[in-house]
Amino acid sequence: MDIRELQTTQELAARFKNSGIEITFSLGVHPYGDRSFFKDHDPDDYIYMLREVLNLNRGKFVALGDCGLDYSSSSVPMESQLIYLKKQVLLAKEYDLPILFYEPGNNRDLIDFLKRNQIHLQKGVITSFTGTLEEACDYLSLDLYIGLDAYSFKTEENISVIRDLPLDRIVIGTDSPYHEIRPDLRGYRYLLKSLVKYEGIHPTNSFIIKRRERFVQGCMVKSRNEPCCLLHILHILAEIHSLPLKHVADVIYKTANEIFFRTSC
């Protein structure tokens, strides 16, 4: 999230805390943003505001981001993206926070940026990774982790890369409400195979789904990706690596705790 969403996010966290659920946040300036936002804000002033928010909410933020480079779909000039990226990386180092990198198709530029600036973070995750094995290895050499969601399993080439990644350097996410797991994604066949193996059901029967206009508490909204679909990402990854589901879950859980909460399980 960015600062403009802070109040809404805090209200959501407070509501869930009453139910015994603790919500933590990441905070940053996403490259796929409003062009007017980048035009109307001075980078130094905005980073100062980020620093103030971090100081007032110690322990609530577990990462900085998403931040990164997006040349294909963002209307924000490349120069502005690079300025905000560098300042946020330095801020993450200052507060010893892991950072979430967003780089749709711009892996090489992000790798070159990190190497050129000799930036080595405590921890960091490349979210929604769809790059090559060489790019993944470059990220791993920079002590970063590879983040996977449904879009990461789009093609057979993606599957081949993921199969060669070390399991303990992977974390998973959903990017909800986007990146729904659809039958046209190559990873869908792995989901189908794993769900039948472990639960004897088809993916469409995993959760109760309702149309938006007929929403019922506890059900998914039709055609909307939701956090509960994280289980589907886990199924796909386990099937690709030909490993038991629980083993993969345990490894991913341990890795996520080490990145975001600095604990071992």
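Calculation criteria
- Residues numbered from 1 in each chain as written.
- Predicted model: local features only at pLDDT ≥ 70, side-chain atom pairs only at ≥ 80, totals over all residues.
- Heavy atoms only, no water.
- Pairing = 2+ DSSP bridges.
- Helix = DSSP H or I, 4+ residues; strand = E, 2+ residues; numbered from the N terminus.
- Axes fitted to C-alpha atoms, helices over the stretch in contact; angles between N-to-C directions.
- Phe/Tyr/Trp six-rings, centres within 6.5 Å; stacked < 30°, edge-to-face > 60°.
- Lys NZ or Arg CZ within 6 Å of the ring centre and 35° of its normal.
- Buried < 20%, exposed > 50% of the residue type's maximum accessible area, 1.4 Å probe, protein only.
- Arc of directions from axis to C-beta.
- Contact = heavy atoms within 4.5 Å.

### Quick notes on the sheet that holds strand E3 (residues 99-102)
Here is step 1: Pairing within the open sheet is parallel, and its six strands lie in the order E1-E2-E3-E4-E5-E6. Two strands lie at the open edges of the sheet, namely strand E1 (25-27) and strand E6 (170-172), each paired on one side alone. Direction aside, the axes of adjacent strands within the sheet are offset by 30° on average.
Here is step 2: Strand direction decides the pairing type here: strand E2 (residues 61-68) and E3, joined by four bridges, are parallel. In the sheet register, Leu64 faces E3, and the bridge partner there is Ile99.

### Notes on the packing of aromatic side chains
Here is step 1: By the definition in use, this model includes three aromatic pairs.
Here is step 2: Sitting above the plane of the Tyr145 ring, Arg169 keeps its charged end 4.9 Å from the centroid.

### Section: helix H5 (residues 107-116)
Since the α-helix advances by 3.6 residues per turn, residues separated by three or four positions end up pointing in the same direction.
Here is step 1: Every buried residue of H5 is listed here: Asn107, Leu110, Ile111, Phe113 and Leu114. For H5, the angular spread of buried residues about the axis comes to 160°, placing them on one side.
Here is step 2: Along its buried surface, H5 packs onto helix H4 (78-94), E3, strand E4 (124-127) and helix H6 (133-141).
Here is step 3: Of the residues flanking the end of H5, it is Gln118, one or two places downstream, whose phi is positive at about 50°.

### What about unusual backbone geometry?
Here is step 1: Here the residue pair Gly65 and Asp66 is connected by a cis peptide bond, since its omega of 0° sits within 30 degrees of zero.
Here is step 2: Relative to the helices and strands, Asp66 is located in strand E2.
Here is step 3: Omega for the bond connecting Ser176 with Pro177 falls within 30 degrees of zero, at 10°, which places this linkage in the cis form.
Here is step 4: Residues other than glycine seldom take positive phi values, yet Asp175 does so here, at roughly 55°.

Don't take any of this as a statement about function, it's just geometry.
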